[in-house]
Amino acid sequence: MSDEKKQIEEKRDPSYLKYISSKVSDDLYEQIIRILHIEKKYRDKHYSAKKLAEELGTNTRYISVVLSVRFHMNYTSLINKLRVEESMTLLTDRRYAKLRMQEISDMVGFSNRQSFYNAFCKYKGITPLHYRQTHRIE
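The structure reproduced in this document is the subject of the present report. (Residues numbered from 1 in each chain as written. Predicted model: local features only at pLDDT ≥ 70, side-chain atom pairs only at ≥ 80, totals over all residues. Heavy atoms only, no water.)

### Remarks on the nonpolar core
No. 1: Counting residues in hydrophobic clusters, the biggest one holds 17 residues, and the most contacted among them are Ile32, Leu36, Leu52, Leu56, Ile63 and Leu67.
No. 2: Looking at this core, the elements with two or more residues in it are helix H2 (22–38), helix H3 (49–56), helix H4 (60–71) and helix H5 (75–91).
No. 3: Apart from the residues within four sequence positions on either side, Leu52 is in contact with Ile32, Ile35, Leu36, Tyr47, Ile63 and Tyr75.
No. 4: Leu91, Met101, Val108 and Phe116 belong to the second largest nonpolar core, which has 13 residues in total. (Core = buried A, V, L, I, M, F, W, Y, C linked by side-chain atoms within 4.5 Å. Buried < 20%, exposed > 50% of the residue type's maximum accessible area, 1.4 Å probe, protein only. Helix = DSSP H or I, 4+ residues; strand = E, 2+ residues; numbered from the N terminus. Contact = heavy atoms within 4.5 Å.)

### Some thoughts on H2
No. 1: Across its 17 residues, H2 extends 23 Å between first and last C-alpha, which sits within 8% of the 24 Å expected from 1.5 Å per residue.
No. 2: Of all the residues in H2, the buried ones are Ser25, Leu28, Ile32, Ile35 and Leu36. In an axial view of H2, the angular spread of the buried residues amounts to 100°, which keeps them on one side of the axis. For H2, the exposed residues lying more than 90 degrees away from the buried face are Ser22, Lys23, Glu30 and Ile38.
No. 3: Structurally, H2 contributes buried residues whose contacts are with H3, H4 and H5.
No. 4: Where H2 terminates, the next one or two residues include Lys40, which has phi positive at roughly 55°. (Expected span 1.5 Å × (residues − 1). Arc of directions from axis to C-beta.)

### Some remarks on the environment of Cys121
No. 1: Structurally, Cys121 can be placed in helix H7 (residues 113–124).
No. 2: Taking the relative accessible area as the measure of exposure, Cys121 reaches 32% and is therefore partly exposed.
No. 3: Along the sequence, Cys121 and Val84 sit 37 residues apart, while their C-alpha atoms lie 9.3 Å from each other.
No. 4: Setting aside its immediate chain neighbours within four residues, Cys121 contacts Ile126 and Thr127.

### Notes on the environment of Leu52
No. 1: Within the element layout of this structure, Leu52 appears in helix H3.
No. 2: Along the backbone, Leu52 and Ile63 are 11 residues apart, and their C-alpha atoms lie at a distance of 8.0 Å.

### Here's the deal with the pattern of salt bridges
No. 1: Per the counting criterion, the structure on display carries 9 salt bridges.
No. 2: For Glu39, the salt bridge is made with Arg34, and the minimal N-O distance between the two is 2.6 Å.
No. 3: Taking relative accessible area as the criterion, Glu39 reaches 38% and is therefore assigned partly exposed.
No. 4: Classification of Arg34 by relative accessible area gives partly exposed; the value is 34%. (Salt bridge = Lys/Arg side-chain N within 4 Å of Asp/Glu carboxyl O.)

### A short note on the side chain of Glu86
No. 1: As for its placement among the helices and strands, Glu86 is situated in helix H5.
No. 2: Owing to a relative accessible area of 13%, Glu86 belongs among the buried residues under this scheme.
No. 3: Here Tyr42 takes part through its side chain, which lies 2.7 Å from a polar atom of the side chain of Glu86. (Polar contact = N/O pair within 3.5 Å; in protein donor to acceptor, adjacent residues only side chain to side chain.)

### A word on the packing of H5 against helix H6 (residues 101–108)
No. 1: Packing of H5 against H6 leaves a shortest axis separation of 9 Å and a crossing angle of 135°. Here H6 runs oblique to H5, going by the angle between their axes. The handedness of the crossing between H5 and H6 comes out as right-handed. Contacts between H5 and H6 pair Arg83, Glu86, Ser87, Leu90 and Leu91 from the former with Met101, Ile104, Met107 and Val108 from the latter.
No. 2: A class-by-class count of the residues in the contact of H5 with H6 yields 6 nonpolar, 1 polar and 2 charged. (Axes fitted to C-alpha atoms, helices over the stretch in contact; angles between N-to-C directions. Parallel < 35°, antiparallel > 145°, perpendicular 65-115°, else oblique. Left-handed = near helix turned anticlockwise from the far one by under 90°. Nonpolar A, V, L, I, M, F, W, Y, C, P; charged D, E, K, R; others polar.)

As structure tokens, then:
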């Protein structure tokens, strides 16, 4: 490995990472999945990394390390990704065809329509409206 590449790897590997045992990391990973994926806490506009850490009885630094190592993203990116994924389901479901974008945005936890559009475009490369129009199920 080149010296430059090694330096980049060291920057990605914060020193506090070595203080988290693999058991603690595995436990936090499973609990984060339960809370965010299964309980869908990402729908709560006010659910923060701090609240997640409190609920898990840990600190935000450990949450940050587990998210970085296991999910390869930070808290905000993971939350937005989960929200976008759920919105894609709602946008193509006939039961929600009459809902406006703001209503879909609210249902999945975005605090405003612009945040929804920005996150959606980031992950899908198109607007939610364009996605709905091109993936509509008749």
